[in-house]
Amino acid sequence: CKNSPIRLAVSRAIGDAPLKADIKCVSNNPDVSSYKLTALDEFLVFCTDGVWDVLSDLAVSKIVSDIKVAELKRLGIPQDQLDEESREAICRACAQKLVESSSEKGSTDNITAVVAMLQ
């Protein structure tokens with residue numbers, strides 16, 4: 001929408017047909033990628049712009065890794081023996097820390113984080 005007077009809030013514009021058809025500001029064509037998971041892939045992290053605006057990929061990865069290590073130590077359970085409840089607790093702690101870190105860094109956008117453990 002470079003030359004358009006319209007200011008676009010993407011989360012609200014996805015369903016706005018005029019923005020897709022008339023001035024082509026929004027595409028409803030998804031970007032799709034496929035990756036082969038390896039033993040090194042531990043988490044899947046979904047975050048809104050409020051996180052990505054203030055934290056780099058590396059910072060997010062470090063936060064999640066540090067929280068995982070701290071939680072495993074606190075629980076006193078080896079990772080390969082975690083039950084579902086413990087996995088959820090670790091993911092919840094990781095997501096909460098991402099939200100807190102984004103807020104502390106002054107994010108002014110919506111802040112949401114979801115963390116899923118792959119292993």
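Residues numbered from 1 in each chain as written. Predicted model: local features only at pLDDT ≥ 70, side-chain atom pairs only at ≥ 80, totals over all residues. Heavy atoms only, no water.

1. Quick look at the pattern of salt bridges
Stated formally: Here, a salt bridge means any side-chain nitrogen of Lys or Arg that lies within 4 Å of a carboxyl oxygen of Asp or Glu. Per the convention used, a helix needs a DSSP run of H or I reaching at least four residues, while a strand needs a run of E reaching at least two, with both numbered from the N terminus. Think of it in three bands: residues with accessible area under 20% of the maximum for their type are buried, residues over 50% are exposed, and the middle band is partly exposed, with areas taken using a 1.4 Å probe on protein chains only.
Under the defined criterion, the tally for this structure stands at three salt bridges. One salt bridge connects lysine 62 with aspartate 66, and the closest N-O pair in it is separated by 2.8 Å. Placement of both lysine 62 and aspartate 66 in helix H4 (residues 57–75) is noted, with a separation of four residues, approximately one turn of the helix. One salt bridge connects arginine 74 with glutamate 71, and the closest N-O pair in it is separated by 2.8 Å. Linking arginine 74 with glutamate 71, this pair stays in helix H4, spanning three residues, or about one helical turn. The exposed category is assigned to arginine 74, whose relative accessible area is 56%. Taking the relative accessible area as the measure of exposure, glutamate 71 reaches 14% and is therefore buried.

2. Topic: a negative patch on the surface
Note the threshold: Surface patches are drawn from residues lacking salt bridges whose relative accessible area is over 30%; two like charges belong together within 9 Å, two nonpolar side chains (Val, Leu, Ile, Met, Phe, Trp, Tyr) within 5 Å. Note on areas: these come from Shrake-Rupley sampling with a 1.4 Å probe, and a residue is covered only by the protein chains present in the view. The charge count treats Lys and Arg as positive and Asp and Glu as negative. His and the chain ends do not count. For the purpose of locating charges, the reference atoms are NZ of Lys, CZ of Arg, CG of Asp and CD of Glu.
Judged by side-chain charge, Asp83, Glu84, Glu85 and Glu88 come together as a negatively charged surface patch. As for its position among the elements, aspartate 83 is in the loop between H4 and helix H5 (84–104). Look at aspartate 83 and you get partly exposed, because its relative accessible area is 42%.

3. Some thoughts on H5
So the rule is basically this: To estimate the expected span of a helix, count its residues, drop one, and scale the result by 1.5 Å. The contact criterion used is simple: two residues touch if any of their non-hydrogen atoms lie within 4.5 Å.
The end-to-end C-alpha separation of H5 is 30 Å, in line with the 30 Å expected for 21 residues at 1.5 Å each. All of the buried residues along H5 are Ser86, Ile90, Cys91, Cys94, Ala95, Leu98, Ser101 and Ser102. Against the buried residues of H5 lie strand S1 (43–47), helix H3 (49–52), H4 and strand S2 (113–117). A positive backbone phi angle near 90 degrees is found at glycine 106, which sits one or two residues after H5.

4. Observations regarding a nonpolar patch on the surface
A surface patch of nonpolar side chains, amounting to about 460 Å² of accessible area, comprises Leu37, Leu44, Phe46, Val114 and Leu118. By relative accessible area, which is 48% here, phenylalanine 46 ends up partly exposed.

5. Side note on the side chain of glutamate 71
Quick note on the threshold: Any pair of N or O atoms that falls within 3.5 Å is considered a polar contact. Within protein, one atom must be able to donate a hydrogen and the other to accept it, and sequence-neighbouring residues count only if both atoms are side-chain atoms.
Polar side-chain contacts of glutamate 71 include one of 2.8 Å to the side chain of arginine 74. If sequence neighbours within four positions are ignored, glutamate 71 has contacts with Ile90 and Ala93.

6. Regarding H4
Cut-off, in case you're wondering: It is the directions from the helix axis to the C-beta atoms whose arc is reported.
Look at H4: 27 Å from first C-alpha to last across 19 residues, which is about the 27 Å you get at 1.5 Å a residue. Among all positions of H4, only Val60, Ile63, Val64, Ile67, Lys68, Glu71 and Leu72 are buried. Buried residues of H4, seen end-on, are gathered within an arc of 155 degrees and therefore sit on one face of the element. Those residues of H4 that are exposed and aimed more than 90 degrees away from the buried face are Leu58, Lys62, Val69 and Lys73. Against S1, H3 and H5 lie the buried residues of H4.

7. Side note on the confidence of the model for the chain
Any residue range with low pLDDT should be treated as having predicted coordinates unsuitable for detailed reading. For the record, the criterion: The predictor's confidence in any single residue is recorded as pLDDT, a number from 0 to 100.
Per-residue confidence for the chain gives a mean pLDDT of 84; residues scoring 70 or more make up 76%. By mean pLDDT, helix H1 (residues 10–13) is the weakest element of the chain at 51, and S2 is the strongest at 96.

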